[in-house]
Every structure is written in structure tokens, then in C-alpha cells.
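As a plain string of letters, each chain reads:
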Amino acid sequence: MAHRDTRRLSRRQFALLGTQVAGAVVAVLLGIPIVGFVLSPLFRRQQPVWREVGDIGGVPDRQPTKFEVSFPLGEWTAANVNLAVYVVKINTEYLVFSNVCTHMQCPVRWQDSLGQFLCPCHGGLYDMTGNNVGGPPPKPLPQYVHRIDGTTLFIQNRFTESI
Ligand code: FES
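What counts and how
Residues numbered from 1 in each chain as written. Predicted model: local features only at pLDDT ≥ 70, side-chain atom pairs only at ≥ 80, totals over all residues. Heavy atoms only, no water. Pairing = 2+ DSSP bridges. Helix = DSSP H or I, 4+ residues; strand = E, 2+ residues; numbered from the N terminus. Axes fitted to C-alpha atoms, helices over the stretch in contact; angles between N-to-C directions. Phe/Tyr/Trp six-rings, centres within 6.5 Å; stacked < 30°, edge-to-face > 60°. Buried < 20%, exposed > 50% of the residue type's maximum accessible area, 1.4 Å probe, protein only. Disulfide = S-S within 2.5 Å. Polar contact = N/O pair within 3.5 Å; in protein donor to acceptor, adjacent residues only side chain to side chain. Contact = heavy atoms within 4.5 Å.

Q: Sorry if this is basic, but what is going on with the sheet that holds strand β1 (residues 50-55) here?
A: To summarise the sheet geometry, strands pair through backbone hydrogen bonds and adopt either a parallel or an antiparallel arrangement. Taken in spatial order, the three strands make up an open sheet running β1-β10-β9, and their pairing is antiparallel. Both edges of this open sheet fall to β1 and β9 (144-149), since each of them pairs with a single strand only. Pairs of neighbouring strands in the sheet enclose a mean axial angle of 30°, with direction left out of account.

The structure is reproduced here in C-alpha cells:
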């Protein structure tokens, strides 16, 4: 009587194993580009881009004034994104803020009645100089790297310190 070797794979087990190995290889080959695509913005520093914000000669003292500016979304697309920029003039100094809350990235708005920037999502508050003074925001508003030629403001697609 022939003794069957239990260590040998049956034809069915062999076919199943082959299918699983092939599936794993395909998954890895498909997954590498997707993972790279998702993670690449984290590892790629965008080239510095300057954009003209506008004439800030008429910005009143201690009255945060909103401008809009368009920036490229990234190096992999021709699309642009419109960003709101708050310019605050205090005596002869200009502060240039992003309107993106440092809590969960909702857009903040200047509220004349409060004399503060208010985040509508969770009630975060920032004073005129961008300091977080109430609610959940953990940090001050980010400030854009900027330059002023005459009375024309330009900003770069990066902040004065990492957030
Ligand atoms: S997102 Fe602004 S307070 Fe939460």
C-alpha cells in the first residue's frame, strides 16, 4: 500500500498558494506608486514662489485687512489655490498672517466687535498680533515670509517659522 507524503502539496493547494503569491506581488507593485504618491508631498520641499498680494498703502493702522492671493497647489499640478491673507499695520510695521487656524485648519475671520480673530469651528481666538488667546488653538497664526516694494506687498509660499 502506497504511503502518501503529507508534506507534499496537493494540486489544489499548489494552485491556491500560487494565486496568493501572485496576488501579493501585484499588490506590492500597485502599492509602491500609491504610497509614494501619498507620501511624496511630505518629503518634497516646494520651490519658493513669490506672489503679489497688492497695494497695502491704504491699510489702516490696527485694522486687520483681508487680501486674496493665488498660489500653485503643487509641482504636480497646474491648479492654483486662493489663500486669504490678513495684513495688520501697527505703526510702521506690517504683519502678514495666514487665516488658517492652528487647531484644525478652519479659516479664521477678523471680528471688529471682538477686536480679535475668531475661528468659527471651535471658538478659537487670536489677538491682532496673531497670538492665540482663547479656545483650543495651540499656536499663534502663521505669518508669511513677505517683502514690501514701495507699498506693494509680496508673500512667499512659506511661513516665518515651521508650524
Ligand atoms: S479649528 Fe479653529 S478652533 Fe478648532
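Q: Which parts of the structure should I look at to understand the packing of aromatic side chains?
A: Geometrically, a pair of aromatic rings is defined through the distance of the ring centres and the angle of the planes. Within the structure shown, the criterion is met by four aromatic pairs. With centroids separated by 4.9 Å and ring planes inclined at 70°, the aromatic side chains of W110 and F117 adopt a geometry described as edge-to-face. F117 carries the same exposure label as W110, and that label is buried. Taking 4.9 Å as the distance between ring centres and 45° as the angle between the ring planes, the aromatic pair formed by Y144 and F159 counts as tilted.

Q: Sorry, what's going on with the state of the cysteines here?
A: By definition, a disulfide links the sulfur atoms of two cysteines through a covalent bond. The full count for this structure, using the stated rule, is one disulfide. Shown here is the disulfide that connects C106 with C121, its sulfur atoms set 1.9 Å apart. Since a negative S-S torsion denotes a left-handed disulfide, the C106-C121 link at about -90° is left-handed. Highlighted residues: C106 in the loop between β4 (93-98) and β5 (109-111) and C121 in the loop between β6 (116-118) and β7 (125-126), separated in sequence by 15 residues. Using a relative accessible area of 16% as the deciding quantity, one classes C106 as buried.

Q: Can you walk me through the side chain of S98 in this structure?
A: Mapped onto the secondary structure, S98 falls in strand β4. Among the polar contacts listed, one links the side chain of S98 to the backbone nitrogen of V100, at a separation of 3.0 Å. Residues contacting S98, with those up to four places away along its chain left out, are A84, L141, P142, Y144 and F159.

Just geometry here; none of it tells us what the structure is for.
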